[in-house]
Amino acid sequence: GQQVMQIPQYQHVQEGEDFTTYCNSSTTLSNIQWYKQRPGGHPVFLIQLVKSGEVKKQKRLTFQFGEAKKNSSLHITATQTTDVGTYFCAGPASGGSNYKLTFGKGTLLTVNP
Amino acid sequence: SAVISQKPSRDICQRGTSLTIQCQVDSQVTMMFWYRQQPGQSLTLIATANQGSEATYESGFVIDKFPISRPNLTFSTLTVSNMSPEDSSIYLCSVVTSGAKNIQYFGAGTRLSVL
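What you see is a predicted model; the values in this text were computed from it and never measured.

**Student:** Quick rundown of the interface of chain A and chain B? Include the residues and the values.
**Tutor:** Contact residues are listed per partner, giving 20 residues for chain A and 21 residues for chain B. Area buried by chain A at its contact with chain B is led by Tyr-99, Lys-100 and Phe-103 of chain A, which between them contribute 35% of it. When the shortest N-O distance is used, the salt bridge between Lys-100 of chain A and Glu-58 of chain B registers 2.8 Å. For the pair chain A and chain B, the number of links is 8 residue pairs in polar contact (both at pLDDT 80 or more).

Now the structure itself:
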């Protein structure tokens, strides 16, 4: 079945350092989404990418969708302690409702102040 | 987006009992889902809650263990039946609003511990 793989599983950085998490799908995706889950919280939608090669920015966050629409990345510039949390990518689940999502395992980011 | 109220927020239950979790949305939504999240793990889809009909369960989840109701377009319940310690987890409901292009909005979750 469809797999969405995410690396790294954990990343610890010093405040001010950059951070990147990578997402790879075993199948071509019509779109990819990113969610953030703070410790003790619930997943919160960040962004959706639809077009091949698309790049979107939200302040210090840069999201990229690969040309083949099978991979994506999230880059945070100059991390802050407020960036702490787990970042999940998610793509439409194959074979069925377009509304279902398959989530990656997530990357847990911790930031040392 | 949508405002989602999920309750209870947490509970501690005895083995063999059942717990019903409620998910209330402030507007009619297209889709409602129920997930399970083990501590430090990703989200696993339990089922899609279908309005007025039986839920659609994912592989590994069955109706007898996780009965789901969705009587209307704004409300759903998930029951965790005959609980065992292995059911200790976070349970989350999520919704897709109309025109939202499969973006999901999550409730705050129910943290369940089974003793």
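**Student:** Explain the state of the cysteines residue by residue, including any values.
**Tutor:** Using the criterion set out here, one finds 2 disulfides over all chains in the structure. The side chain of Cys-23 of chain A participates in a disulfide bridge whose partner is Cys-89 of chain A; the two sulfur atoms lie 2.0 Å from each other. Looking along the S-S bond of the Cys-23 of chain A-Cys-89 of chain A disulfide, the torsion reads about 75°, which is the right-handed sense. Highlighted residues: Cys-23 of chain A in strand E3 (residues 19–25) and Cys-89 of chain A in strand E9 (residues 85–92), separated in sequence by 66 residues. Neither residue differs from the other here; Cys-23 of chain A and Cys-89 of chain A are each classed as buried. With a sulfur-sulfur separation of 2.1 Å, Cys-23 of chain B is cross-linked through a disulfide to Cys-93 of chain B. Here Cys-23 of chain B and Cys-93 of chain B share a disulfide; its torsion about the S-S bond, 70°, makes the bridge right-handed. Of this pair, Cys-23 of chain B sits in strand E3 (residues 19–25) while Cys-93 of chain B sits in strand E9 (residues 89–96), and the two are 70 residues apart along the sequence.

**Student:** Describe the pattern of salt bridges, with residues and values.
**Tutor:** Any two side chains of opposite charge can pair, given that their charged atoms come close. This structure, assessed with the given rule, holds 4 salt bridges over all chains. Put simply, Asp-83 of chain A and Arg-60 of chain A hold a salt bridge, and the shortest N to O gap is 2.9 Å. Here Asp-83 of chain A is found in the loop between strand E8 (71–76) and E9, whereas its partner Arg-60 of chain A is found in the loop between strand E6 (55–58) and strand E7 (61–65), with 23 residues between them in sequence. Take Arg-60 of chain A: its relative accessible area is 22%, and that puts it in the partly exposed class. With a closest N to O distance of 2.6 Å, Lys-65 of chain B and Asp-87 of chain B form a salt bridge. Of this pair, Lys-65 of chain B sits in the loop between strand E6 (56–57) and strand E7 (68–72) while Asp-87 of chain B sits in the loop between strand E8 (75–80) and E9, placing them 22 residues apart in sequence.

**Student:** With reference to specific residues and values, describe the packing of aromatic side chains.
**Tutor:** Here the structure, examined in full by the defined rule, presents 12 aromatic pairs over all chains. Ring geometry for Tyr-35 of chain A against Phe-45 of chain A: centres 5.7 Å apart, planes inclined by 70°, an arrangement best described as edge-to-face. Taken together, the residues Tyr-35 of chain A in strand E4 (residues 32–37) and Phe-45 of chain A in strand E5 (residues 44–49) connect sequence positions 10 residues apart. Seen from their ring centres, Phe-103 of chain A and Tyr-35 of chain B are 5.7 Å apart, and the 90° between their planes marks the pair as edge-to-face. Of this pair, Phe-103 of chain A sits in strand E10 (residues 101–103) while Tyr-35 of chain B sits in strand E4 (residues 31–37), each in a different chain.

**Student:** Report on the sheet that holds E7 of chain B, specifying residues and quantitative values.
**Tutor:** All names here are of chain B. The 4 strands lie next to each other as E1-E3-E8-E7, forming an open sheet whose pairing is antiparallel. If you trace the sheet from one side to the other, it starts and ends with strand E1 (4–7) and E7, each paired once. Direction aside, the axes of adjacent strands within the sheet are offset by 15° on average. Sheet topology places E1 next to E3; 4 bridges connect them, and they run antiparallel. Bridging from a neighbouring strand, Ser-5 pairs with Gln-24 of E3.

**Student:** Before we move on, can you summarise the side chain of Gln-37 of chain A with the specific residues and values?
**Tutor:** Relative to the assigned elements, Gln-37 of chain A resides in strand E4. Given the relative accessible area of 9%, Gln-37 of chain A is considered buried. Within the structure, Gln-37 of chain A has its side chain in polar contact with the side chain of Gln-37 of chain B (distance 2.8 Å). Once residues within four sequence positions are removed from consideration, Gln-37 of chain A is found in contact with His-42, Pro-43, Gly-85, Thr-86 and Phe-88 of chain A together with Gln-37 of chain B.

Conventions and cut-offs
- Residues numbered from 1 in each chain as written.
- Chains lettered and ligands numbered in written order.
- Predicted model: local features only at pLDDT ≥ 70, side-chain atom pairs only at ≥ 80, totals over all residues.
- Heavy atoms only, no water.
- Contact = heavy atoms within 4.5 Å.
- Buried area = accessible area lost by both parts, 1.4 Å probe.
- Salt bridge = Lys/Arg side-chain N within 4 Å of Asp/Glu carboxyl O.
- Polar contact = N/O pair within 3.5 Å; in protein donor to acceptor, adjacent residues only side chain to side chain.
- Disulfide = S-S within 2.5 Å.
- Helix = DSSP H or I, 4+ residues; strand = E, 2+ residues; numbered from the N terminus.
- Buried < 20%, exposed > 50% of the residue type's maximum accessible area, 1.4 Å probe, protein only.
- Phe/Tyr/Trp six-rings, centres within 6.5 Å; stacked < 30°, edge-to-face > 60°.
- Pairing = 2+ DSSP bridges.
- Axes fitted to C-alpha atoms, helices over the stretch in contact; angles between N-to-C directions.

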